[in-house]
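Structural description and commentary
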Amino acid sequence: MNDEQLLRYSRHLLLTEFGVEGQARLRGARVLLVGAGGLGCPAALYLASAGVGHLTIADPDLVDATNLQRQILYRADTIGSAKAESARAALRDVNPDVAVMALPTRLEGAALEQAVAAVDVVLDCSDNFETRHAVNRACVGHRRPLVSGAAIRFDGQLAVFDPRRPGAPCYACLFPEDTDAEALRCAVMGVLAPLTGVIGAMQAVEAIKLIAGIGEPLAGRLLLLDALHGESRIVRIARDPHCPVCSGNTAAQRGAA
Ligand SMILES: [Zn+2]
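Residues numbered from 1 in each chain as written. Predicted model: local features only at pLDDT ≥ 70, side-chain atom pairs only at ≥ 80, totals over all residues. Heavy atoms only, no water.

Things to note about the overall build of the protein chain
- Summing up its helical and strand segments, the protein chain has eleven helices and eight strands in all.
- For 257 residues, the compact-globule estimate of 2.2 N^0.38 gives 18 Å, and the C-alpha radius of gyration of the protein chain, at 18 Å, lies within 12% of that figure.
- Along the three orthogonal principal directions, the C-alpha set of the protein chain runs to about 50 × 45 × 40 Å.
- Taken over 257 residues, the protein chain has a buried fraction of 49%.
- A sequence separation of at least 24 residues applies to 66% of the contacts in the protein chain between residues at least 6 apart.
- Entry remark: accessible area of the protein chain is about 12400 Å², with carbon and sulfur atoms responsible for 54%.
- Charged side chains in the protein chain number 25 positive and 28 negative. The centres of these two groups are separated by 5 Å. (Helix = DSSP H or I, 4+ residues; strand = E, 2+ residues; numbered from the N terminus. Rg over C-alpha atoms; globule rule 2.2 N^0.38 Å. Buried < 20%, exposed > 50% of the residue type's maximum accessible area, 1.4 Å probe, protein only. Contact = heavy atoms within 4.5 Å. Areas by Shrake-Rupley, 256 points an atom, 1.4 Å probe, with all protein chains shown as cover. Lys, Arg positive; Asp, Glu negative; His and termini not counted. Charge placed at Lys NZ, Arg CZ, Asp CG, Glu CD.)

Some details on the coordination of the zinc ion
- Around the zinc ion, the protein supplies Cys170 (SG), Cys173 (SG), Cys243 (SG) and Cys246 (SG) as donor atoms, at distances of 2.3 to 2.4 Å.
- Viewed at the metal, the four donor atoms of the zinc ion are separated by angles of 94 to 124°, and the geometry they form is tetrahedral.
- Mapping the donors of the zinc ion onto the primary sequence yields the spacing C-x2-C-x69-C-x2-C. Of this pair, Cys170 sits in the loop between β6 (155-161) and α8 (171-174) while Cys246 sits in the loop between β8 (231-236) and α11 (250-256), placing them 76 residues apart in sequence. (Donors = N, O, S within 2.8 Å, 3.2 Å for Na, K, Ca; no water. Tetrahedral: all angles 85-135°; square planar, octahedral: opposite > 155°, others 65-115°.)

Considering the side chain of Gln5
- Mapped onto the elements, Gln5 comes out in helix α1 (residues 3-8).
- Overall, the relative accessible area of 8% leaves Gln5 in the buried class.
- Here the side chain of Gln5 touches Asp97 through a polar contact of 3.2 Å, side chain to side chain.
- For Gln5, the residues in contact, after removing those within four places along its chain, are Arg27 and Asp97. (Polar contact = N/O pair within 3.5 Å; in protein donor to acceptor, adjacent residues only side chain to side chain.)

Observations concerning the pattern of salt bridges
- Summed over the entire model, instances satisfying the criterion amount to seven salt bridges.
- Arg132 is paired through a salt bridge with Asp124; the nearest N and O atoms lie 3.3 Å apart.
- Between Arg165 and Glu216 there is a salt bridge, with its nearest N and O atoms 3.0 Å apart. Pair noted here: Arg165 is in the loop between β6 and α8 and Glu216 is in the loop between α10 (193-212) and β7 (221-226), with a separation of 51 residues, a long-range link.
- The exposure class assigned to Arg165 is partly exposed, which follows from its relative accessible area of 30%. (Salt bridge = Lys/Arg side-chain N within 4 Å of Asp/Glu carboxyl O.)

Thoughts on the nonpolar core
- Among the nonpolar cores identified, the biggest contains 43 residues, and Val31, Leu33, Leu47, Leu55 and Leu123 are the most heavily contacted of them.
- Among the elements of the structure, β1 (30-34), α4 (40-50), β2 (54-58), α5 (83-94), β4 (121-124), β5 (146-152), β6 and α10 are those that each provide at least two residues to this core.
- Looking at this core, the element that brings in the most residues is α10, giving eight residues.
- Residues contacting Leu55, with those up to four places away along its chain left out, are Val31, Leu33, Ala44, Leu47, Ala48, Leu91, Val98, Ala99, Val100 and Met101.
- Listed in part, the 19 residues of the second largest apolar core include Ala115, Val122, Val135 and Ile237. (Core = buried A, V, L, I, M, F, W, Y, C linked by side-chain atoms within 4.5 Å.)

Everything listed here is a matter of geometry and, on its own, says nothing about what the molecule does.
Rendered as C-alpha cells:
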C-alpha cells in the first residue's frame, strides 16, 4: 500500500482483527453484485469505499425517477441511463482504486455461471425469485458464498449461504423453488427508502467479513428486521437433505452425516 492508501484505509488498519492483512485481502478480492437497485447501491458504495479490488455490477434496467427514493448511486441527471454503467461511473468517483465491471444485461445461463465462477463472493441484490434461485444454483454449483438480502415494505431479511461450510443450507432450502411464492415487488408493495440502505449495508458487512476472514458470518441463519416496530430476530435455517439444488453438495452432506 502506498501512503495515500494507508491514509484512505487507516480506519480499517486500526481494527486489530482487520489490519493491513484484511485490507490486502479486500484489495485482492472480486465481488459480484446481482442487481444495482435499493440493496445493490449501498452495498456497492460500501464495498468500493472499503477498497474491494474488483466489483462486477449486473443490472439490465435503466435509471428512472421512482428509483431515486432509495437507489443512492443515481442522480436526477442519470435518469434514462443504464444502471450498471451509471453505477460504475459513480463508484469510480468514490474510489478510483477499484476496478468496476458493468454488465448492463440480465445475468442468466452461461453468462451467470461465468460471472459467479470468476468472483470470491456473490451478493444477491435482486428483486425477484427467478433471479434469486438462478444465482443460488450458480453459487452452489461453483461453491461460492452468497450474501442474500431482501427488503419490502418495512421488512428486511439478510442471510449468508456458504456452500463451502459443512452442513450449509442454500437459499432453496429456505425458499424451495417449486413453492408458489408470489413475487413481492417494491413496485407493487412499496418499500421504506432507508430500510434498503440498512440491508444493503449489512450485505457489505457480511461480504467484507467473508473476504477478510474475520468474525462469524451470518451463515445458516436468517436475520429478520421489522423496521416499523424496531424489532429484529435471528432464526436458524435448516438444510433440507432433499433439496434439489444442494443435496449433491458433498460439503453440506459431510456436515449432515
Ligand atoms: Zn438447498
